[in-house]
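# Chains, contacts and geometry: an overview
The primary structure of each chain is shown beneath.
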Amino acid sequence: AQTVTQSQPEMSVQEAETVTLSCTYDTSESDYYLFWYKQPPSRQMILVIRQEAYKQQNATENRFSVNFQKAAKSFSLKISDSQLGDAAMYFCAYRSGNTGNQFYFGTGTSLTVIP
Amino acid sequence: DGGITQSPKYLFRKEGQNVTLSCEQNLNHDAMYWYRQDPGQGLRLIYYSQIVNDFQKGDIAEGYSVSREKKESFPLTVTSAQKNPTAFYLCASSISPTALGEQFFGPGTRLTVL
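The text that follows walks through the structure, step by step, so that each part is easy to find. Note that this is a predicted model, so its numbers are computed, not measured. (Residues numbered from 1 in each chain as written. Chains lettered and ligands numbered in written order. Predicted model: local features only at pLDDT ≥ 70, side-chain atom pairs only at ≥ 80, totals over all residues. Heavy atoms only, no water.)

Let us look at the interface of chain A and chain B. With 21 residues of chain A in contact, the opposing surface of chain B contributes 24 residues. The interface formed by chain A and chain B holds one salt bridge in total. Glu102 of chain B is the partner of Arg50 of chain A in a salt bridge, and the nearest nitrogen-oxygen pair spans 2.8 Å. Put simply, chain A and chain B have six residue pairs in polar contact (both at pLDDT 80 or more) between them. Looking at the side of chain A that touches chain B, the elements that each hand over two or more residues are strand E5 (32-39), strand E6 (46-52), strand E10 (88-96) and strand E11 (103-105) of chain A. Considering every element that reaches the side of chain A that touches chain B, the biggest residue donor is E5 of chain A, with four residues. Looking at the side of chain A that touches chain B residue by residue, the classes come out as eight nonpolar, ten polar and three charged. (Contact = heavy atoms within 4.5 Å. Salt bridge = Lys/Arg side-chain N within 4 Å of Asp/Glu carboxyl O. Polar contact = N/O pair within 3.5 Å; in protein donor to acceptor, adjacent residues only side chain to side chain. Helix = DSSP H or I, 4+ residues; strand = E, 2+ residues; numbered from the N terminus. Nonpolar A, V, L, I, M, F, W, Y, C, P; charged D, E, K, R; others polar.)

Okay, here's the thing in structure tokens:
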């Protein structure tokens, strides 16, 4: 089974500043998808951004962008101009491009935004 | 509005009782999933279903059972064999097992054993 590692259990950022959350994964596959999900205090899981492994260009969604390093098996999330509403748990997830059935999640990073 | 609903939001169970958590989706998704979330452990897969009348065990299936009689419904039963069932349970769906895309999640059910 693939493993997804988030080595930062907790992070904090000053409002309006930039923060980067780390994620690494272990796989022998060449075709896969990567995701970042946000879980606010309501506990509703919300998709933030996704990246197809075959795409070299890093995905961007407004203030959220990723740094996808395929050779290093690294998939970090950058949040620019942090807002109070960004405070949440963030989960990195992997989905195989071959079997496609299962998603593998990291243990999460709790982000605090300081006013 | 399309989405996934889970009920109830909060559920209390006495030891030795079976309880069933409901999950319904109107997204016309083929695949559905059940996860358990505990503090510090992320999401762990209990069961998943790729198609009606078919389902597979995930990493922590012991003490749980599921059914998939209808495309839109995937209920999870927590049996008395599950020794530590207190947790937050999330249901999810995706378009199909072969079409790559993200999972969509329900709002979750918090189960507490009294």
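Resuming the write-up.
Another aspect to go through is the pairing of strand E8 (residues 64-69) of chain A. All names here are of chain A. Bridging between strand E7 (residues 60-61) and E8 involves two bridges; their strand directions are antiparallel. Counterpart to Thr60 in the pairing with E8 is Ser65. Between E7 and E8, which pair antiparallel in sequence order, lie two residues; one of them, Asn62, sits at a positive phi of approximately 55°. For E8 and strand E9 (residues 74-79), the ladder comprises six bridges, and the chain directions are antiparallel. Bridge pairing in E9 places Asn67 opposite Ser76. Joining the antiparallel neighbours E8 and E9 is a turn of four residues, in which Lys73 adopts a positive phi near 55°. (Pairing = 2+ DSSP bridges.)

Residues and elements named next belong to chain B. A full pass over the atoms with the stated rule returns six salt bridges over all chains. Across the salt bridge formed by Asp38 and Arg36, the nearest N and O atoms sit 2.8 Å from each other. Residue Asp38 is classed as buried on the basis of its relative accessible area, which comes to 12%. Take Arg36: its relative accessible area is 4%, and that puts it in the buried class. In this structure, the salt-bridge partner of Arg44 is Asp38, at a minimum N-O distance of 2.8 Å. Here the salt bridges do not stand alone but share partners, grouping Arg36, Asp38 and Arg44 into one network. (Buried < 20%, exposed > 50% of the residue type's maximum accessible area, 1.4 Å probe, protein only.)

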